Protein chains: 2
Amino acid sequence: MHKHWIAIDWGTSNFRAFLMKDSLCVATTHAPCGLLNVPDRQFAAALQPLIQPWLDKYPRLPLLMAGMVGSQQGWLEVPYVALPAGGEQLAAQVATANTPWGSPCQIIAGVSGPNAFGLPDVMRGEEVQLTGLAALHPQAQHCVILPGTHSKHAFLLNGQIRHFSTFMTGEIYAVMLNHSLLGRDLPEPSDDASAFALGVSHAPAAPFLSNALFSARTLRLDGTLPPADVASYLSGLLIGAELLALPETQAWIVGSPALTERYTRA
Amino acid sequence: MHKHWIAIDWGTSNFRAFLMKDSLCVATTHAPCGLLNVPDRQFAAALQPLIQPWLDKYPRLPLLMAGMVGSQQGWLEVPYVALPAGGEQLAAQVATANTPWGSPCQIIAGVSGPNAFGLPDVMRGEEVQLTGLAALHPQAQHCVILPGTHSKHAFLLNGQIRHFSTFMTGEIYAVMLNHSLLGRDLPEPSDDASAFALGVSHAPAAPFLSNALFSARTLRLDGTLPPADVASYLSGLLIGAELLALPETQAWIVGSPALTERYTRA
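Here goes a summary of the coordinates provided. Note that the structure is predicted; figures quoted are calculated from it, not measured.

What to know about the pattern of salt bridges
Overall, the coordinates contain six salt bridges over all chains when judged by the stated rule. As a salt-bridge pair, A:D9 and A:R16 come within 3.5 Å of each other at their nearest N and O atoms. Taking the shortest distance from any N to any O, the salt bridge between B:D191 and B:R262 comes out at 2.7 Å. With B:D191 in the loop between α4 (169-179) and α5 (193-205) and B:R262 in helix α9 (residues 257-265), this pair connects stretches of sequence that are 71 residues apart. With a relative accessible area of 56%, B:D191 lands in the exposed category. On the basis of relative accessibility, which here comes to 14%, the residue B:R262 falls in the buried class.

What to know about the pairing of strand β12 (residues 160-167) of chain A
Residues and elements named next belong to chain A. Within β12, six of the eight residues are buried, which leaves it mostly tucked inside the rest of the structure. As paired elements, strand β11 (residues 151-157) and β12 share seven bridges and run antiparallel to each other. Along β12, the bridge assignment pairs L157 with Q160. Connecting β11 to the next strand, β12, in antiparallel fashion are two residues, including N158 with a positive phi near 50°.

Some points on the interface of chain A and chain B
Taken residue by residue, the interface counts 46 residues in chain A and 46 residues in chain B. Here chain A is connected to chain B by zero salt bridges. Linking chain A with chain B are nine residue pairs in polar contact (both at pLDDT 80 or more), by the criterion used here. Put simply, the parts of the chain that give the side of chain A that touches chain B at least two residues each are β9 (120-123), β12, α4 (169-179), α6 (209-212) and α7 (215-221) of chain A.

Overview of α4(A)
Listed in full, the buried residues belonging to α4(A) are A:T169, A:E171, A:I172, A:V175, A:M176 and A:L177. Against β11, β12, α8 (230-243) and α9 (257-265) of chain A together with α4 and α6 (209-212) of chain B lie the buried residues of α4(A).

Focus on the relation of the copies chain A and chain B
Mapping chain A onto chain B leaves a residual RMSD of 0.0 Å; the transformation is a rotation of 180° accompanied by 0.0 Å of translation along its axis. When the rotation and shift are considered jointly, the pair of chain copies conforms to a two-fold rotation axis. Comparing interface residues between copies, 100% of those in chain A also sit at the interface in chain B, which points to an isologous, same-surface contact.

Brief notes about helix α3 (residues 126-136) of chain A
All names here are of chain A. Inspection of α3 places E126, E127, L130, T131, L133 and A134 among the buried residues, and these make up the whole buried set. Buried residues of α3, viewed axially, fall in a sector of 155°; they line one side. Residues of α3 that are exposed and point over 90 degrees away from its buried face: A135 and L136.

Remarks on the side chain of B:H150
Position of B:H150 relative to the elements: it lies in the loop between β10 (141-146) and β11 (151-157). Polar contacts involving the side chain of B:H150 include one to the side chain of B:E171, which spans 2.6 Å.

Let's talk about unusual backbone geometry
A:L83 connects to A:P84 through a cis peptide bond whose omega is -5°. Within the secondary structure layout, A:P84 lies in the loop between β5 (81-82) and α2 (87-92). Positive phi values are uncommon outside glycine, yet A:R41 reaches one of about 55°. Along the chain, A:R41 falls in the loop between β3 (24-31) and α1 (43-57). The phi angle at B:D185 is positive, at roughly 55°, despite the residue not being glycine. Relative to the helices and strands, B:D185 resides in the loop between α4 and α5. Using a relative accessible area of 64% as the deciding quantity, one classes B:D185 as exposed.

Side note on the pairing of strand β8 (residues 111-114) of chain A
Residue and element names in this part refer to chain A. Where β5 meets β8, two bridges bridge the pair, whose relative direction is parallel. Within β8, the position partnered with A82 by the bridge is S112. Pairing of β8 with β9, which is carried by four bridges, proceeds in the antiparallel orientation. Bridge pairing links V111 to M123 in β9.

Side note on the environment of B:L130
Secondary-structure assignment places B:L130 in helix α3 (residues 126-136). The class for B:L130 is buried, based on a relative accessible area of 0%.

Some remarks on the sheet that holds β8(A)
The strand order β5-β8-β9 (chain A) describes an open sheet built from three strands, whose pairing is mixed. Only two strands of the sheet have a single neighbouring strand rather than two, namely β5 and β9 of chain A.

Basis of the calculations
- Residues numbered from 1 in each chain as written.
- Chains lettered and ligands numbered in written order.
- Predicted model: local features only at pLDDT ≥ 70, side-chain atom pairs only at ≥ 80, totals over all residues.
- Heavy atoms only, no water.
- Salt bridge = Lys/Arg side-chain N within 4 Å of Asp/Glu carboxyl O.
- Helix = DSSP H or I, 4+ residues; strand = E, 2+ residues; numbered from the N terminus.
- Buried < 20%, exposed > 50% of the residue type's maximum accessible area, 1.4 Å probe, protein only.
- Pairing = 2+ DSSP bridges.
- Contact = heavy atoms within 4.5 Å.
- Polar contact = N/O pair within 3.5 Å; in protein donor to acceptor, adjacent residues only side chain to side chain.
- Least-squares fit on C-alpha atoms with pLDDT ≥ 70 in both.
- Arc of directions from axis to C-beta.

Here is the structure:
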């Protein structure tokens, strides 16, 4: 058995790799080399230079990958594991890919199932964070928020993901700000705490998001919101609206420092 | 008194003019010459060629304009009339613009006030359609939907707009389809009635729009929704979600034939 191995989170936009020694991370590397940046589906060719320094030291280092790398657009499509899903179910459904340099390479499947509202939902990559969290904190139940472009609310029982729901919070924020009337002719955005709080406070008042979003325009027209604060307001409104869906008041927040800080404030 | 005059609806994207003889429309013209297409705010210069054939016949023909032409980005900013607003209030606040060729020119103000959810809301142009509808159908109460990029739900009592709410239905549809994951790699969209109906049926099931929108992705992933039908589904979902905000089951729908037909189906 190898003592060293590489854990890889390969998503649509980013690539992150972790050199592991047993269960300890001893080095990391990352690159803006997500699936969208891999030409002609040449995944092995794209991967090799990213981890070559580690391969030089440990040839045929085993690889364990998660994320969109296992999707239709990825290296190898790995069918989703159905809910409820824990470490055991995920391990039973890993797929094997070939590397020209001889590393054994396994890709973890995502998870799919009906969400809290009965609609089909999917994740790829977050399942590893969730089962990892459950392993580190062996309590019976977890309620977890994974903020991001497609934010997830997940509920775990005895180490298994029981159900989860996706909210397109980050992507709606970006497209409305960059491509709709709301973002037209804005100066450099501020990170304004009171505009963010105002957005959060308006979320429950306007139960219809397509209506609430328009307030990012009208509050600017009536002078309440300086143009530089529109982005902070919109962020508060969208995060606030998302958090209304959370049935519990206590939840883990797993994500980047900037986003977890915003979710904590909201 | 002139017997002839011109009614003009000048919006952000479109220009429409109606040659009137008293209260009868005797000719129309339109051009994709909205405010965004007027260089250097030269509104009089942009207007003249559009109505020159009518001016040739009736020099100094009076003009009455409505729409975004009265906004900050328009010819002349006309302050909003506060709710409740009817024909009398609108007439009291028209502004006068100058035309180099001597036509008297008046611009109707928009209307502003708190919407059904207590957030500030605005309209420019729709107030003329609404007071026109009330004049044509002199019943005490009207509930009116004006579908579009920024769809409006308006409530009238005795000819006055009492309150209204804006829904960014059309704009969210366009930006999500053109700029988010939901629209990525789609073929030419179909106009599919069953996908539209499926979207409408899912709207009440998923009370959180940022969650419901993701189903346009997952239903495509699981094979329920052919890629060509994603746009129809998204349209049904967004119009369905908007109509949940309507307290009444009977409403006028005022708009283009294609859109009013969709709203009628939903």
